[in-house]
Amino acid sequence: MNDFFSWARLAEELPLILMRLPVTLSIVFVATTGGLILGTIAAVIRLAKAPALYQITSTGISFFRGTPIIVQLFVVYFGLPVLLKVFGVNANRWPKLFFVCITYSLNMSAFLSEIIRSAISSVDAGQREAAYSVGLTSAQAFFRVVAPQAVLIALPSFSVSLLALLQNTSLGFTIGLIDMVGQVRAIAIRTHHVFEGYIAAAVIFVLLSILFSFLLSLLEKKLKSKIFKEARRGI
């Protein structure tokens, strides 16, 4: 049993795995930020139904929503340098983290675009008309009336996507990125013991998921409180 699992090895490996936590968190931060920006743009294009852009956006969303993220990662990692080489750009020495962030940002944007689009569409059109009736412009009506409610509607689905993103970061090791899971594999190769490392990584991921869920729940409560206060005060 001691050869299969050792608390001493677990205590020894945990700090080494935690050293790579910033890599995992940086992927989550960059992909969420990029996903929100690109997803919002895609949602606006789909709501506006601009002919050419609508088809291009819909095709991209279908690809990133319909294929495994590991396939997307390989397509970006091996395909992007080939594409950039046509324009005289050598991307072969670019950090692996860059390709991971690009892939996860595009993947996140595909899911968030649908969440954002459906959330905006879910807000009753009468809310916007009421805002116009008291003299608000289109922009004011959107940002003061529609957007806060759309954010509140989208938040639960966004939370699910964020937690899925956190878990999917573990696939970065497949292209050689040394994140937490990559560190576990490196330790396993060196020590020939894998169980302790994966247990440590699992505990870290669970704790991060709990923390993210708590923060998002707190944000949802604050948004609800703010919207209710705005409603009582009136537009």
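In this report, the structure presented in the accompanying data block is examined.

Before going further, it helps to examine unusual backbone geometry. Note: most peptide bonds trans; most residues except glycine with negative phi. Not every positive phi belongs to a glycine, and histidine 192 is a case in point at roughly 65°. As for its position among the elements, histidine 192 is in the loop between helix 8 (180–191) and helix 9 (195–233). A relative accessible area of 68% means that histidine 192 is categorised as exposed.

Relative to the assigned elements, leucine 218 resides in helix 9. Taking relative accessible area as the criterion, leucine 218 reaches 36% and is therefore assigned partly exposed. For the pair leucine 218 and leucine 38, spaced 180 residues apart in the sequence, the C-alpha separation amounts to 25 Å.

Quick look at the environment of serine 6 now. In this structure, serine 6 sits in the segment before helix 1 (7–18). With relative accessibility at 17%, the residue serine 6 sits in the buried group. As for serine 6 and serine 109, which are separated by 103 residues in sequence, their C-alpha atoms are 42 Å apart.

Before going further, it helps to spend a moment on the packing of helix 5 (residues 96–122) against helix 7 (residues 138–168). Here helix 5 crosses helix 7 at 145°, and the two axes come no closer than 8 Å. Here the hand of the crossing between helix 5 and helix 7 comes out right-handed. Where helix 5 abuts helix 7, its residues Tyr104, Met108, Phe111, Leu112, Ile115, Ala119, Ile120 and Ser122 lie against Phe142, Val146, Ala150, Ile153, Ala154, Ser157, Phe158, Ser161, Leu162, Leu165 and Asn168.

Rules of the game
- Residues numbered from 1 in each chain as written.
- Predicted model: local features only at pLDDT ≥ 70, side-chain atom pairs only at ≥ 80, totals over all residues.
- Heavy atoms only, no water.
- Helix = DSSP H or I, 4+ residues; strand = E, 2+ residues; numbered from the N terminus.
- Buried < 20%, exposed > 50% of the residue type's maximum accessible area, 1.4 Å probe, protein only.
- Axes fitted to C-alpha atoms, helices over the stretch in contact; angles between N-to-C directions.
- Left-handed = near helix turned anticlockwise from the far one by under 90°.
- Contact = heavy atoms within 4.5 Å.

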